[in-house]
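Fold and geometry: a report
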Amino acid sequence: MGLRVYNTMSGKKEDFQPRLPGKVGMYVCGVTVYDYCHIGHARANIVFDIIFRYLLFSGYETTYVRNYTDVDDKIINRANERGILSKDLAEEFITAFDEDMDSLGLIKPTHEPRATEYIRQIIEITQKLIDKGIAYEAAGDVYYSVDKFPNYLKLSKRNMDDMLAGARVTPGEQKQNPMDFALWKTAKPGEPSWESPWGKGRPGWHIECSAMSSSLLGESFDIHGGGRDLIFPHHENEIAQSEGASGKPFVKYWLHNGFVNVDQEKMSKSLGNFFTIRDILKTYDAEVIRFFILSAHYRSPIDFSDHNLVEAQSGLRRFYEALDAAERATSDVDQKENRSTDGAKVEEKFREAMDDDFNTALAIAHLFDGVRTMNRLISTKKFKKKQELIAQVQDLHETILRLGEVIGLFRSQPSAWLEKVKLAGLIRLEITEEEIGESIQQRLQARKEKDFSRGDEIRNDLEARGILLLDTREGTNWNLK
RNA sequence: GGCCCCGUCGCCAAGUGGUAAGGCAGAGGUCUGCAACACCUUUAUCAGCAGUUCGAAUCUGCUCGGGGCCUCCA
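So, how was this worked out
Residues numbered from 1 in each chain as written. Chains lettered and ligands numbered in written order. Predicted model: local features only at pLDDT ≥ 70, side-chain atom pairs only at ≥ 80, totals over all residues. Heavy atoms only, no water. Helix = DSSP H or I, 4+ residues; strand = E, 2+ residues; numbered from the N terminus. Buried < 20%, exposed > 50% of the residue type's maximum accessible area, 1.4 Å probe, protein only. Contact = heavy atoms within 4.5 Å. Domains from an automatic or database assignment. Salt bridge = Lys/Arg side-chain N within 4 Å of Asp/Glu carboxyl O. Polar contact = N/O pair within 3.5 Å; in protein donor to acceptor, adjacent residues only side chain to side chain. Pairing = 2+ DSSP bridges. Axes fitted to C-alpha atoms, helices over the stretch in contact; angles between N-to-C directions. Near = heavy atom within 4 Å. Nonpolar A, V, L, I, M, F, W, Y, C, P; charged D, E, K, R; others polar. Phe/Tyr/Trp six-rings, centres within 6.5 Å; stacked < 30°, edge-to-face > 60°. Parallel < 35°, antiparallel > 145°, perpendicular 65-115°, else oblique. Left-handed = near helix turned anticlockwise from the far one by under 90°.

Looking only at helices and strands, chain A features 16 helices and 15 strands. Along the three orthogonal principal directions, the C-alpha set of chain A runs to about 90 × 50 × 35 Å. Here chain A holds 481 residues, and the buried ones make up 51% of them. Sequence-distant contacts in chain A: of pairs separated by 6 or more residues, those separated by 24 or more amount to 75%.

Rendered as structure tokens:
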């Protein structure tokens, strides 16, 4: 059974069959660069990152395009507020976006075009729509006439009459129908602008995606993605523009990720309840964020909270503990040829889960099963003398790492990751590594003198402060409670 | 008002017609001087009601509760 994806257009899961066998073209709406990215952006980008990775893993030659919208009202307004050029503002936040995505461990899309690099194509499409009678000029603006596109609202499944009841007309706009939207806006003084057949101006919001996608992927392509909130009006308008201009079907599969909520409510700028990626990264490891996001299906809403991130961290730690143990258990053993079937089983289950509309939550559950099997094998008596078990562990270990890579997990050195999380936790506990070290020395001394009650006292004191002591053959270590 | 989504164990979360994955937390046990890790065992009939069906958490209707889009938003 092959890949199945939920298509917003049909409202159900469909067998995934790219237009050209073995090749996939995917366009995902990126960000408008006027502010730092929040956790909602993180989700959208991580989700499509793993979709991209999984398509590659499944053998599809995939072209992934993710754009930057670097000309827009919000950018202009923000730049004016700060008294800088909108171009410089855009540049600043493109850099910030790249840094954020990098720290979240995303792989680079094939192309990352900017709207302002495609002004020529935007003008071409706009002109074509005018020529076809689908768009019209009014005082330097160009509007798309939604009445001329019979399939308008087919993606969002709305009804024009109902929409009209709530539509608002901004004064100064000369729309024939209140639902019409701008393809080209005439420039106001001081705004960035480009020469066009309709005078100096700049693109409307939706047209840049039509221009960039058709330029890089062709007029028809396989997957178009983005957050749910882009379904209307953004994607609806993209369809109208692209299909109106080309006369060809635009996109085969529409994929939309769910929201990140805070206290059951959508995170949004207007509510002021958003968290930026950079803020969260001060407290939590980037991989914890990824793990948290992938522990739910991409279409479900997820609730962002401290509690949920801590839980995600616990889950991820379980993986790293196991990977660390596997590494240590097999490090001094030669790689054996005899492979086992455990890894193959995990991989089969993993693929099955991912094939079902990228069910990462289920896929991770199967990896957890692999972890348990691996731990069980390692704790078998005389493990190191049993070649068969060693081979099994090596196989599982390799499989978990390889499959983890497909969803961008387990990329760190286990011991280093565990150490990092441990040290990060100290900040919250207001205790230093040195203090702990001193206590350990005191306890060691007490134990040497057979003063176990004193030793336990030290252990209990530390435990009260959130530190657990671990006695091993190699000496005493500590961990967060 | 129109359209749409959701309500599964204490918490997170899969499952969307054949009789409830996984994680976290909890309980009991093995291991350990103690502890931790790990391992073993253990914990739900799926908001409610009424239908369809041999059979439903999964389909239909209604009720209750939560949320989203319709204005910028991932």
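A few words now on the domain arrangement of chain A. Each domain of chain A was delimited in the assignment, giving domain 1 (4-266), domain 2 (306-413) and domain 3 (431-480). Averaged C-alpha coordinates put domain 1 and domain 2 at centres separated by 39 Å. Taken together, the contacts link ten residues of domain 1 with 16 residues of domain 2. Linking domain 1 with domain 2 are one salt bridge, by the criterion used here. The residue K13 makes a salt bridge to D356 at a minimum N-O spacing of 2.9 Å. For the pair domain 1 and domain 2, the number of links is seven residue pairs in polar contact (both at pLDDT 80 or more). Elements supplying a minimum of two residues to the side of domain 1 that touches domain 2: β1 (4-7) and α1 (39-57).

Another point: the sheet that holds strand β3 (residues 23-32). On the basis of which strands lie adjacent, the open sheet formed by four strands has the order β4-β3-β9-β10 and parallel pairing. Two strands close off the open sheet at either side, each with one partner strand: β4 (61-69) and β10 (251-257). The mean inter-strand angle of the sheet, taken between neighbouring strand axes irrespective of direction, is 20°. Both strand β9 (residues 221-227) and β10 contribute to a ladder of six bridges, which runs parallel.

Another point: the pairing of strand β7 (residues 181-186). Bridging between strand β6 (residues 141-144) and β7 involves three bridges; their strand directions are antiparallel. Among the inter-strand pairings, V142 is bridged to a residue of β7, identified as W184. Relative to strand β8 (residues 201-203), β7 is paired through three bridges, and the arrangement is antiparallel. Bridged to W184 within β8 is P203.

Attention shifts here to the side chain of T69. Checked against the element boundaries, T69 lands in strand β4. Engagement of the side chain of T69 in a polar contact is seen with the side chain of N67, the distance being 3.0 Å. For T69, the residues in contact, after removing those within four places along its chain, are V31, T32, V33, I75, A115 and E208.

What surrounds RNA strand B is a group of 54 residues, the closest being K74, W205, G227, L230 and R447. By atom count, sugar and phosphate contribute 72% of the portion of RNA strand B lying within 4 Å of the protein. Within the backbone of V260, an N or O atom sits 3.0 Å from a base nitrogen of RNA strand B. One of the side-chain nitrogen or oxygen atoms of N375 is found 3.1 Å away from a sugar or linking oxygen of RNA strand B. Top contributing element to the surface near RNA strand B by residue count: helix α12 (residues 360-378), with eight residues. In the surface near RNA strand B, the residues fall into 16 nonpolar, 20 polar and 18 charged.

Turning next to the packing of aromatic side chains. Per the stated rule, a full pass over the model turns up 23 aromatic pairs. Ring geometry for Y54 against F57: centres 6.0 Å apart, planes inclined by 35°, an arrangement best described as tilted. Highlighted residues: Y54 and F57, both in helix α1, separated by three residues, approximately one helical turn. Geometrically, the ring pair formed by F292 and F304 is edge-to-face, given 6.3 Å between the ring centres and 70° between the ring planes. Here F292 is found in helix α9 (residues 286-294), whereas its partner F304 is found in the loop between β13 (302-303) and α10 (306-330), with twelve residues between them in sequence. Looking at F304, the relative accessible area reads 9%, which means it is buried.

Per the counting criterion, the structure on display carries 33 salt bridges. Salt-bridge contacts for D100 lead to R278; the nearest nitrogen and oxygen are separated by 3.1 Å. Taken together, the positions of D100 in helix α3 (residues 86-103) and R278 in helix α8 (residues 277-283) put the pair 178 residues apart, joining distant regions of the chain. We classify R278 as partly exposed; its relative accessible area is 26%. Among the salt bridges present, the one from E219 reaches K248, with a minimum N-O distance of 2.7 Å.

Moving on, we get to the packing of helix α11 (residues 342-355) against helix α13 (residues 387-406). Relative to each other, α11 and α13 sit at 25°, their axes nearing to 8 Å. In terms of their interaxial angle, α11 and α13 are classed as roughly parallel. Seen along the crossing, α11 lies across α13 with a hand that is right-handed. Each of D342, G343, A344, V346, E347 and F350 in α11 lies in contact with α13, whose residues at this interface are Q392, D395, L396, T399, R402, L403 and V406. Here the residues of the contact of α11 with α13 are counted per class, giving six nonpolar, three polar and four charged.

Here we take up the sheet that holds strand β11 (residues 260-262). Strand order across the open sheet formed by three strands is β12-β11-β13, with mixed pairing between neighbours. Both outer strands of the open sheet, β12 (265-266) and β13, are each paired with one neighbouring strand and no more. Relative to β12, β11 runs antiparallel, the two being bridged by two bridges. The residue bridging N261 from the neighbouring strand is K266, located in β12.

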